[in-house]
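Chain and residue survey
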Amino acid sequence: MNPFPIIMSAPSGGGKTTIAKELLRRRSDLGYSVSCTTRAPRPGEIDGKDYYFLTRDEFLRRRHAGDFAESAEVHGNLYGTLRSEISRVLDTGKHVVMDIDVQGARQFRVAFPESVTIFVLPPTGEVLLDRLRNRKTESPQQLAARLDSALEELRAVEEYEYVVVNDDLERAVQSVGSILDAEVFSRERVSGLRHQVEALIQHLQAEIDHHSS
Ligand code: ADP
Ligand code: 5GP
């Protein structure tokens, strides 16, 4: 089975970063694609771990050089997935978890159609607003911009294969884990399936031929 990319999207405050971090802590078969962004680091965020924090000029230079598998402007900042991050994780045999917006997901799944796409929904609008406000990472203007894009994100839910409601965190983490466990057995992902089934058929056919002769 080849490792695959896992795209997690959600409206801002939906909890995709929290769920992704928890899954990465628990499972050894996953790695994280560290994105580039032009937004300023939040308190506690580490360059190279949470994001690669780039100037706009540096971001544009790297985009021009073709370094990104996808990139998008989200709430006034640029974000992008480095091709090198995807291969860094996949080359270790691990699935690569990506926390990207709906525009980026559209671009990415064209280039990597084997991606699993998961949309994380907040249980209610009230809960989403509370979580966003309590996170205290945005100014009132930034919060308004995030709510604007939340509408666009929510309208894209039908483009995703799976939907997980992030009510109880433990349940949401378990649900995403179950999706990944099931995907491993998806027929398209089982490598050498045709060859394996052909060998079984030949063996059984030989047995049938032997008995009927
Ligand atoms: P996103 O990455 O989608 O913007 P975050 O992961 O930053 O969202 O979550 C937004 C806030 O909500 C954070 O403060 C996080 O700790 C909190 N949060 C996430 N999931 C839950 C949950 N199931 N229950 C309670 N709080 C949560
Ligand atoms: P935040 O600033 O809250 O970390 O992220 C804001 C938004 O940018 C979220 O919707 C997040 O999924 C998205 N994002 C983070 N990294 C990337 C990326 O590499 N590409 C794209 N297209 N979106 C990203």
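The text that follows walks through the structure, step by step, so that each part is easy to find.

Scoring rules and cut-offs
- Residues numbered from 1 in each chain as written.
- Chains lettered and ligands numbered in written order.
- Predicted model: local features only at pLDDT ≥ 70, side-chain atom pairs only at ≥ 80, totals over all residues.
- Heavy atoms only, no water.
- Helix = DSSP H or I, 4+ residues; strand = E, 2+ residues; numbered from the N terminus.
- Buried < 20%, exposed > 50% of the residue type's maximum accessible area, 1.4 Å probe, protein only.
- Contact = heavy atoms within 4.5 Å.
- Near = heavy atom within 4 Å.
- Polar contact = N/O pair within 3.5 Å; in protein donor to acceptor, adjacent residues only side chain to side chain.
- Nonpolar A, V, L, I, M, F, W, Y, C, P; charged D, E, K, R; others polar.
- Salt bridge = Lys/Arg side-chain N within 4 Å of Asp/Glu carboxyl O.
- Areas by Shrake-Rupley, 256 points an atom, 1.4 Å probe, with all protein chains shown as cover.

Bringing the side chain of T117 into the picture now. Residue placement: T117 occurs in strand β8 (residues 116-121). A relative accessible area of 3% means that T117 is categorised as buried. Those residues in contact with T117 that sit more than four places away from it in its chain are I7, R109, E159, Y160, E161 and Y162.

G13, K16, T17, T18 and N166 are the nearest of the 14 residues found near ligand 1. Between ligand 1 and T18 there is a distance of 2.5 Å, counted from an oxygen atom to a side-chain nitrogen or oxygen. A distance of 3.0 Å is found between a nitrogen atom of ligand 1 and a backbone nitrogen or oxygen belonging to D167. Broken down by secondary-structure element, the contributors of at least two residues to the shell around ligand 1 are α1 (16-26) and α5 (125-135). Top contributing element to the shell around ligand 1 by residue count: α1, with 3 residues. Looking at the shell around ligand 1 residue by residue, the class counts come to 2 nonpolar, 7 polar and 5 charged.

We now examine the pattern of salt bridges. If you walk through the whole model with that rule in mind, you get 17 salt bridges. Among the ionic pairs, E45 bridges to R39, the shortest N-O distance being 2.8 Å. Taken together, the shared-partner salt bridges in this structure form one network comprising R39, R42, E45, R135, E138 and R146.

In this section: the site of ligand 2. Lining the immediate surroundings of ligand 2 are 17 residues, of which S35, R39, Y51, E70 and Y79 lie closest. A distance of 2.6 Å separates an oxygen atom of ligand 2 from a polar atom in the side chain of S35. R39 is positioned with one of its side-chain polar atoms (N or O) 2.6 Å from an oxygen atom of ligand 2. Its free accessible area being 510 Å², ligand 2 has 96% of it covered by the protein chains. Contributing elements (two or more residues each) for the shell around ligand 2: β5 (68-74) and β6 (77-82). Looking at the shell around ligand 2 residue by residue, the class counts come to 5 nonpolar, 5 polar and 7 charged.

Purely spatial values, then, with no claim about function.
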